[in-house]
Amino acid sequence: MPSRDRVHYFGAGPAPLPTPVLEEASKVLLNYNDSGVGITEISHRSADANAILAATQKALRQLLDIPESDGPDGYQILFLQGGGSGEFSAVVLNMVSAWVGGKLKEVGGDEAKLAEVVKNQLKLDYFVTGSWSLKASQEAARLVGGEHVNIVTDARKHRDGKFGVIPEQSTWSATSDKDSTALTYYCDNETVDGVEFQSTPTGHNLVADMSSNFLSRPVEVSKHAAIFGGAQKNVGTTGITIAIISNRILPPHAELAKPELLRKLGLPVGPVVLDWPTIAKNNSLYNTLPIFDVWIAGKVMERLLQIHPTASGPKIAGQQAESDKKSQLIYSTLDSNSNVYHVVPDKSVRSRMNICFRVKGGDDAAEKAFLKGAEERGLLGLKGHRSVGGIRISNYNAVPVAAAEKLAQYLQDYAKSA
Ligand SMILES: O=C(O)C(=O)[C@H](O)COP(=O)(O)O
Ligand SMILES: N[C@@H](CCC(=O)O)C(=O)O
């Protein structure tokens, strides 16, 4: 059995974590802070757990420059459960509830008028640029009805029925009335299809799924109503989802619709554990929080702050430079062997995190041989997502530059021998 330092793992999520963090984790699992009690055994309401929570929030604020204030321009950092998919639902439940609460005020509390407004105006805008945003849009339609979901763009329609491009802005069809738009949703990086937004799209009440490129580059936080990401790629262990929520959609700055009103309007009332105002009010401790997962995320973030001591601007910029360097090396190796490799997404939207390509036009035997040869060199986790096949190199933060170099060398050697 190979030891950890003999292999390089490129899995898409769960994904590699920095070895020093895991080494420290193995110690705190047995004995946290010299207390004689392991970290998974302590109460999530203890002073130790609260300190872990606060340190992780602080590190994240520093990395992404997240505005901290109780005013409307501030953002809350929440730790949730239910994964990225849980937030597909939470986004709809919370944003619709905030929108309806706002409209109730506008109609002076007249519920009959409000019912008309909901029926005729409520729209949820979705960019469908890959399989995750597709799933999110389907969840929205399941919860509020397809008549309220507007697809701003469906990238498949611009590329022979397959994902791999982000269509030109001139082709987007956002809801024309921004007052009708309860949310505009996009997935910043599509893991399965290897597509990444190159800049923040425009849209009213912007919500982003950053599960798979969280903490890999600076983010224009203040353009968003909400940002979320499952931890299990760049940030930590599976079990928590991090959400950055604007105070503008939380009490006291927003009055969310009450469950009784939503029921009358035929709109869904979500489970309390997905209710952002409840989680925010309780500083993520409404119910038992897996504090070990928060600890891991905190350590990963503190390490990023240490290894990339950026002098000015967002502290995550150093990590962006490293991600760029690794992904450029791999893409340039693929491009210079285009007789063997074919990168799946369009050049204009290539993901720095998930590099999806085919070997010899998707020839099954060639792709199997490629994977076998990689495994023999200790290069693991390279199989594409089961829904699309092919090869996928996931280039998350904990993949060292040396691993990317070793992989690039293998790409070269395989191409020569193929
Ligand atoms: O974006 C991805 O890639 C993901 O794997 C999803 O965020 C995973 O969603 P969950 O499995 O965490 O619900
Ligand atoms: N995020 C992983 C796994 C997701 C899944 O298969 O459910 C991927 O894109 O490969």
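None of these values were measured; they are calculated from a predicted model.

Colleague: Would you mind showing me how to read the confidence of the model for the protein here?
Modeller: Low-pLDDT portions of the prediction should not be read for the details of their coordinates. When pLDDT is averaged along the protein, the result is 97; 100% of the residues meet or exceed 70. Interface confidence for the predicted complex, expressed as ipTM, amounts to 0.95; the pTM equals 0.97.

Colleague: I keep staring at the sheet that holds strand β10 (residues 241–246) and nothing clicks. Help me out?
Modeller: The strands making up a sheet associate through hydrogen bonds between their backbones, and the pairing can be parallel or antiparallel. Pairing in this open sheet of seven strands is mixed, and the strands run β2-β10-β9-β8-β5-β3-β4 from one edge to the other. Strands with a single pairing partner mark the edges of an open sheet, and in this sheet they are β2 (75–80) and β4 (149–154). Strand after strand, the sheet turns through a mean of 15 degrees between neighbouring axes, direction not considered. In this structure, strand β3 (residues 123–128) lies alongside strand β5 (residues 181–187), joined through four bridges in parallel fashion.

Colleague: Teacher, can you tell me more about the pattern of salt bridges here?
Modeller: A side chain with one charge may pair with a side chain of the opposite charge, provided their charged atoms come close. Scanning the model with the defined rule gives 19 salt bridges in all. With a shortest N-O distance of 3.8 Å, R61 and E68 are connected by a salt bridge. In this structure, K299 engages E302 in a salt bridge whose closest nitrogen and oxygen atoms are separated by 3.6 Å. Here K299 and its partner E302 are both found in helix α8 (residues 291–307), three residues apart, which amounts to about one turn of the helix. K299 gets classed as partly exposed once you look at its relative accessible area, which sits at 24%. E302 sits in the partly exposed class, given a relative accessible area of 26%.

Colleague: Honestly, helix α3 (residues 83–106) in this entry has me stumped. Any pointers?
Modeller: For α3, which comprises 24 residues, the first-to-last C-alpha distance of 35 Å matches the rise-based estimate of 34 Å (1.5 Å per residue) to within 8%. For α3, the tally of buried residues reaches 18 of 24 residues, placing the bulk of the element in the interior. Backbone geometry just after α3 places G108 at a positive phi near 65 degrees.

Colleague: How do you make sense of the pairing of strand β8 (residues 206–209) when you look at a structure like this?
Modeller: A regular strand places its side chains on the two faces of the sheet in alternate fashion. Alternating positions in β8 separate into two faces, L206 and A208 on one and V207 and D209 on the other, with burial throughout. In this sheet, β8 lies alongside β5 in parallel orientation, the contact comprising four bridges. Within β8, the position partnered with C187 by the bridge is D209. Where β8 meets strand β9 (residues 224–230), four bridges bridge the pair, whose relative direction is parallel.

Colleague: Explain the site of ligand 1 to me, please; I cannot follow it from the model alone.
Modeller: In the neighbourhood of ligand 1, the contacting residues comprise G83, G84, S85, W132, T191, S211, Q232 and K233. Between ligand 1 and G84 there is a distance of 3.0 Å, counted from an oxygen atom to a backbone nitrogen or oxygen. In this structure, Q232 approaches ligand 1 through a side-chain N or O atom, which is 3.1 Å from an oxygen atom. Expressed as a share of its isolated accessible area of 340 Å², the protein-covered part of ligand 1 is 81%. By residue number, the principal contributor to the shell around ligand 1 is α3, which donates three residues. Class assignment of the residues belonging to the shell around ligand 1 gives a composition of one nonpolar, six polar and one charged.

Colleague: What am I meant to see in the UniProt feature "domain: Aminotransferase class V" (unreviewed entry) in the protein here?
Modeller: The feature "domain: Aminotransferase class V" (unreviewed entry), as given by UniProt, occupies residues 9–97 and 178–394 in the numbering adopted here. Helix makes up 51% of residues 9–97 and strand 8%. Its end C-alpha atoms lie 42 Å apart.

Colleague: What's the story with the site of ligand 2 in this structure? I'm lost.
Modeller: Neighbouring residues of ligand 2: A12, G13, W132, T191, V192, K233, H385, R386 and R392. The side chain of K233 places a nitrogen or oxygen atom 3.0 Å from a nitrogen atom of ligand 2. R392 places a polar side-chain atom, nitrogen or oxygen, 2.5 Å from an oxygen atom of ligand 2. Its free accessible area being 290 Å², ligand 2 has 73% of it covered by the protein chains. Of the residues assigned to the shell around ligand 2, the class counts are three nonpolar, three polar and three charged.

Reading guide: rules and limits
- Residues numbered from 1 in each chain as written.
- Chains lettered and ligands numbered in written order.
- Predicted model: local features only at pLDDT ≥ 70, side-chain atom pairs only at ≥ 80, totals over all residues.
- Heavy atoms only, no water.
- pLDDT = per-residue confidence, 0-100.
- Pairing = 2+ DSSP bridges.
- Helix = DSSP H or I, 4+ residues; strand = E, 2+ residues; numbered from the N terminus.
- Axes fitted to C-alpha atoms, helices over the stretch in contact; angles between N-to-C directions.
- Salt bridge = Lys/Arg side-chain N within 4 Å of Asp/Glu carboxyl O.
- Buried < 20%, exposed > 50% of the residue type's maximum accessible area, 1.4 Å probe, protein only.
- Expected span 1.5 Å × (residues − 1).
- Near = heavy atom within 4 Å.
- Polar contact = N/O pair within 3.5 Å; in protein donor to acceptor, adjacent residues only side chain to side chain.
- Areas by Shrake-Rupley, 256 points an atom, 1.4 Å probe, with all protein chains shown as cover.
- Nonpolar A, V, L, I, M, F, W, Y, C, P; charged D, E, K, R; others polar.
- UniProt positions renumbered as here; feature names shortened; annotations may be inferred.

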